Amino acid sequence: MKVIAVLVLSVTLFYQGYSNSLDSCQGRCGYGTDSSFSCQCNPSCERYNDCCSDYAEICKTSATSCKGRCGEKYNSQNKCHCNSKCSQYSNCCSDYADLCGGDGGGSGVITDAEIKSISEALYTLDSNKASASELIIDPQALVDNSQTSSQSDLSPRPLFRYVDEGALFSRPTYAAFLAVLDNYQRMTGQTEDFSPQQLAEQETFVKETMSNTELGRELFAFLYTKGVYATEEDFLYDLKMMWFGLYSRYNKKMDSSGFEHIFAGEIKGGKVSGFHNWIQFYLLEKRGQLNYYSHSFNGPWTTYPDVMGMQFKWDGYFKQVGSAVIGCSPEFDFALYSLCYITRPGKQCRLSLGGKELIIQTYTWDNSFYGDGKKFIGSAFPATPRN
């Protein structure tokens, strides 16, 4: 009889322990609703009043901490992560290194000095950049940062005085870039729908710029030696996803991507959004669709590539500061932004071009993910220098 009582007590305690595990959010924050659990640990549970008792403590209060989360598997709903891959993707929680014994940031994997070194190498290898005889600009009015919102047209002439299209645009990387550039609807809230030909153009652009140029191969070699990519195929696939993968900027429509936002430009909320490419600027200005007003900074470079921050109107929509690298090849633009996004996602990235510093600001698109928890590119652009 005592044996039976002990067995009953043991079974009771086992089921109580099992039940308690089902009533906890430990290791479950952000996961979808699962009927096998007696309570839930995702944002929806607050609406349906079925959160576990420790939901607020574990999933909300500690959402940005690795306390009790070291080694957990990836969950896209978490604000930061605590597993062995978070360093590679620069999305570790701030206390990951202290609590989990790991390297808590991307800066520990690839240093600022290494980024400056590879950017100098890319700068040297940009054989397709415009020469002084192939591109002539007329900057005209320089305004203070405090005047960039005035919407005053202080420059009567176009920014681009001359572009040798025959010499530049016939080159394979320029041609591939132009083929992709006109595939987008600029208004956010309008779903982007690509034809098989347009998808092939995206593929061609990535391969032409990154596989078929010495500059692109140099970037891959650097990232390969740092352990970011195991093969060139992984590298090219990741570029296609982060740059061309669609997400929603407005009204839940699949209306945007990193490439569209940065290179083609968009209209959102009655203003120009993104738009950080000199070739797109030139083409629209040439067609009479863009009116250059002024510039608020011009980089210290005396040859191309140069860096400028422009004020302009695109079919009546204003851009307060549209910064861009002027005169560079498409592969150089693509490589710089990719380097910075891969190594410093959502942060400032310090480059060196010809011995002079250039800061690129990157942003992730936090509402959507692809692959193993990676985020699409939200934006990337040359940051305004401080006076």
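What counts, and at which threshold
Residues numbered from 1 in each chain as written. Predicted model: local features only at pLDDT ≥ 70, side-chain atom pairs only at ≥ 80, totals over all residues. Heavy atoms only, no water. Helix = DSSP H or I, 4+ residues; strand = E, 2+ residues; numbered from the N terminus. Buried < 20%, exposed > 50% of the residue type's maximum accessible area, 1.4 Å probe, protein only. Contact = heavy atoms within 4.5 Å. Areas by Shrake-Rupley, 256 points an atom, 1.4 Å probe, with all protein chains shown as cover. Phe/Tyr/Trp six-rings, centres within 6.5 Å; stacked < 30°, edge-to-face > 60°. Lys NZ or Arg CZ within 6 Å of the ring centre and 35° of its normal. Disulfide = S-S within 2.5 Å. Pairing = 2+ DSSP bridges. Axes fitted to C-alpha atoms, helices over the stretch in contact; angles between N-to-C directions.

What about the overall build of the chain?
(1) Moving on: Helix and strand counts for the chain come out as 15 helices and ten strands.
(2) Moving on: Counting across all 387 residues of the chain, residues that qualify as buried make up 51%.
(3) Moving on: Long-range pairs, those at least 24 residues apart, make up 57% of the contacts in the chain with a sequence separation of at least 6.
(4) Moving on: Just so you have it, the chain exposes about 18200 Å², and 51% of that area is on carbon and sulfur atoms.

A word on the packing of aromatic side chains
(1) Moving on: All chains considered together, the criterion is met by 31 aromatic pairs.
(2) Moving on: With 6.3 Å between their ring centres and 70° between their planes, F281 and Y292 make a pair best called edge-to-face. Residue F281 is located in helix 14 (residues 278–286), and its partner Y292 is located in strand 5 (residues 290–298); the two are separated by eleven residues in the primary sequence. Of the two residues examined, F281 and Y292, each falls in the buried class.
(3) Moving on: Joined through ring pairs, the aromatic side chains of F160, F169, Y174, F275, W278, F281, Y282, Y292, F312 and W314 make up one cluster.
(4) Moving on: A cation sits over an aromatic face here: K129 above Y123, 5.3 Å from the ring centre.
(5) Moving on: Above the ring of W314, the side-chain terminus of R186 is found at 5.1 Å from the ring centroid.

Considering the state of the cysteines
Formally, a disulfide is one covalent bond, and it connects the sulfur atom of one cysteine to the sulfur atom of another.
(1) Moving on: Throughout the structure, instances matching the rule amount to two disulfides.
(2) Moving on: The side chain of C39 participates in a disulfide bridge whose partner is C52; the two sulfur atoms lie 1.9 Å from each other. Handedness of the C39-C52 disulfide follows from its S-S torsion of about 90°: it is right-handed. Placement of C39 in the loop between helix 1 (2–22) and helix 2 (44–48) and of C52 in the loop between helix 2 and helix 3 (55–61) is noted, with a sequence separation of 13 residues between them.
(3) Moving on: What makes C39 buried here is its relative accessible area of 7%.
(4) Moving on: What pairs with C340 in a disulfide is C349, and their sulfur atoms sit 2.3 Å apart. Residues C340 and C349 share a disulfide whose torsion about the S-S bond is about -70°; that sign makes it left-handed.
(5) Moving on: Judged by its relative accessible area of 0%, C340 falls in the buried class.

Digging into the sheet that holds strand 10 (residues 374–382)
(1) Moving on: One open sheet accounts for three strands, arranged 8-9-10; its pairing is antiparallel. This sheet does not close on itself; its edge strands, each paired only once, are strand 8 (348–353) and strand 10. Between one strand axis and the next, the sheet turns through 35° on average, direction left out of account.
(2) Moving on: Across six bridges, strand 8 lies against strand 9 (residues 356–370) in antiparallel orientation. Following the sheet pairing, Q348 is matched in strand 9 by Q361.
(3) Moving on: Where helix 7 (residues 112–125) meets the sheet, its contacts fall on strand 8 and strand 9, and the angle it forms with strand 8 comes to roughly 45°.

Note that every value here comes from positions in space, so none of it alone points to a role or purpose.
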